[in-house]
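Analysis of the macromolecular model
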Amino acid sequence: MKHLKLLALTLTAVSLVAQSSRSRPETGAAELEKAVLKPGEIWPDDRGLHVQAHGGGIIKLGDTFYWFGEDRSQGLDRAKRYVSCYSSKDLAHWNFRNRVIQLADPENFGPGWVLERPKVFHNAKTKKFVMYMHIDGRTAEGSYKIARVGVAISDTVDGDYQYLRSFRPLGHESRDIGQFIDDDGAAYLIFEDRPFGFRIARLSDDYLSVEKEMSLIPAHMEGGAIVHYQGLYYVIGSALTGWAPNPNKYATAPSLEGPWSEFRDIAPPETKTYGSQSTMLVKIVGTKKTTVIFMGDIWRPGTQWDSRYLWMPLEIGDGKLWLPEPKPWTLDLTTGEAVPQ
Ligand code: GAL
């Protein structure tokens, strides 16, 4: 009897251990915890640390998503700027891969130089990974006056990216940048040219430069993102209010060259996009449904390491786009269906 009790106790202990190791699953494990996305909450990575990928961008290689963004962890070298890379198979469990950029001021931009909104493109021809980022800093005229893009390159998705250079795309000012990869694989940059508006431009064959302007949308917006959904292009962006949230808006066009519609609200304007700012639109094509996810940042300018993420499936179609009130939800990557929890 005593032996039986001991055995039962041992078995319970073993199963508790098994459960706790399941609570931090490796991606791809058969028994993934339910993949619930919780807008606005702390998103712990596989190390238990809040994901540091602010103002980010996402690419998918095979069945794996890679998320790059500003790493604003506490305690980093204040003279350097950092970009981190995470991977996931379900968009909910994120594994930290590498701090792919740990860069000291590369071109004498000066103290307070800025590296924001990194986006990585995978070039199938050259097999290189090319990162674009907003490079800026203070000049005699004030802050954020350099207005360039920086380019860095790596042989592997989560390798140490080598900074190559910075420039003004097609000669224009460029602040917030967004990335868009069309269904045919063509890669585009959306950049904010302060005097004029949003520009959408195609990258060169090797992705190392910006080659051809598709559109200038004369709206003073930033945080630009695009999705191609059921034959229409939808562009979203925010107003120019710095870290403070504002009512984000969208417009549509039959082609990247336009003509673009008027901009309309994506959410009740009084919610200021539920406190978030657009950074990316990701399209998930499933067997039953295509879901488009709005990815936004909830900035906390005084404590940037604690900035949060607001990701929600959009109501989209027939030229309309709407961000529902944020709630926890799950995504079925096979069917493409998003289910509120
Ligand atoms: C926001 C922009 C951020 C950052 C911030 C600085 O409008 O989207 O990426 O540049 O301004 O105030």
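Scope of this entry: the structure provided in the associated data block. A quick note: this is a predicted structure, and the numbers were derived from the prediction, not measured. (Residues numbered from 1 in each chain as written. Predicted model: local features only at pLDDT ≥ 70, side-chain atom pairs only at ≥ 80, totals over all residues. Heavy atoms only, no water.)

**Quick notes on the nonpolar core**
Note that soluble globular proteins tend to have their nonpolar side chains buried in a common cluster. Among the nonpolar cores identified, the biggest contains 37 residues, and Ile 58, Trp 67, Leu 91, Trp 94 and Trp 311 are the most heavily contacted of them. Of all the secondary-structure elements, those providing two or more residues to this core are strand S3 (64-70), strand S14 (222-229), strand S15 (232-238), strand S18 (277-285), strand S19 (290-298), strand S20 (308-313) and strand S23 (329-331). Sort the elements by how many residues they give to this core and S19 lands first, with 5 residues. Dropping the residues within four chain positions of it, Ile 58 is found in contact with Phe 65, Tyr 66, Trp 67, Leu 91, Trp 94, Gln 179, Met 280, Val 282, Met 295 and Trp 311. Formed by 21 residues, the second largest nonpolar core is a distinct cluster that contains Cys 85, Val 100, Ile 146 and Val 157. (Core = buried A, V, L, I, M, F, W, Y, C linked by side-chain atoms within 4.5 Å. Buried < 20%, exposed > 50% of the residue type's maximum accessible area, 1.4 Å probe, protein only. Helix = DSSP H or I, 4+ residues; strand = E, 2+ residues; numbered from the N terminus. Contact = heavy atoms within 4.5 Å.)

**Brief notes about the pairing of strand S8 (residues 148-154)**
Summarising burial for S8: 6 of the 7 residues are buried, a large majority. Where strand S7 (residues 129-136) meets S8, 7 bridges bridge the pair, whose relative direction is antiparallel. Considered in S8, the bridge of Tyr 132 is made with Val 151. Inspection of the sheet shows S8 paired to strand S9 (residues 162-167) by 5 bridges, in the antiparallel sense. From the neighbouring strand, Gly 150 faces S9, where its bridge partner is Ser 166. (Pairing = 2+ DSSP bridges.)

**Looking at the packing of aromatic side chains**
The full count for this structure, using the stated rule, is 17 aromatic pairs. Judged by centre distance (5.4 Å) and plane angle (45 degrees), the ring pair of Trp 43 and Tyr 309 falls under tilted. On the criterion of sequence distance, the pair formed by Trp 43 in the loop between strand S1 (36-37) and strand S2 (54-61) and Tyr 309 in strand S20 is long-range, its members being 266 residues apart. Residue Trp 43 is classed as buried on the basis of its relative accessible area of 7%. Where Trp 43 meets Trp 311, the ring centres are 4.9 Å apart and the plane angle is 90 degrees; that geometry is what we call edge-to-face. Note that Trp 43 is positioned in the loop between S1 and S2 and Trp 311 in strand S20, a separation of 268 residues in sequence. Over the face of the ring belonging to Phe 96 we find Arg 47, whose NZ or CZ atom lies 3.8 Å from the ring centre. The aromatic ring of Tyr 82 is capped on one face by Arg 99, whose charged end is 5.5 Å from the ring centroid. (Phe/Tyr/Trp six-rings, centres within 6.5 Å; stacked < 30°, edge-to-face > 60°. Lys NZ or Arg CZ within 6 Å of the ring centre and 35° of its normal.)

**Some details on the pattern of salt bridges**
Under the definition given, this model contains 20 salt bridges. Of the charged contacts in the structure, one is a salt bridge between Glu 116 and Arg 72, with a shortest N-O distance of 3.5 Å. Of the two residues, Glu 116 is situated in strand S6 (residues 114-122) and Arg 72 in the loop between S3 and strand S4 (80-88); the sequence distance between them amounts to 44 residues. Overall, the relative accessible area of 8% leaves Glu 116 in the buried class. Arg 308 serves as the salt-bridge partner of Asp 306, at 2.9 Å between the closest nitrogen and oxygen. Judged on exposure class, the residue Asp 306 and its partner Arg 308 are both buried. One salt-bridge network, held together by shared partners, links Glu 70, Arg 72 and Glu 116. (Salt bridge = Lys/Arg side-chain N within 4 Å of Asp/Glu carboxyl O.)

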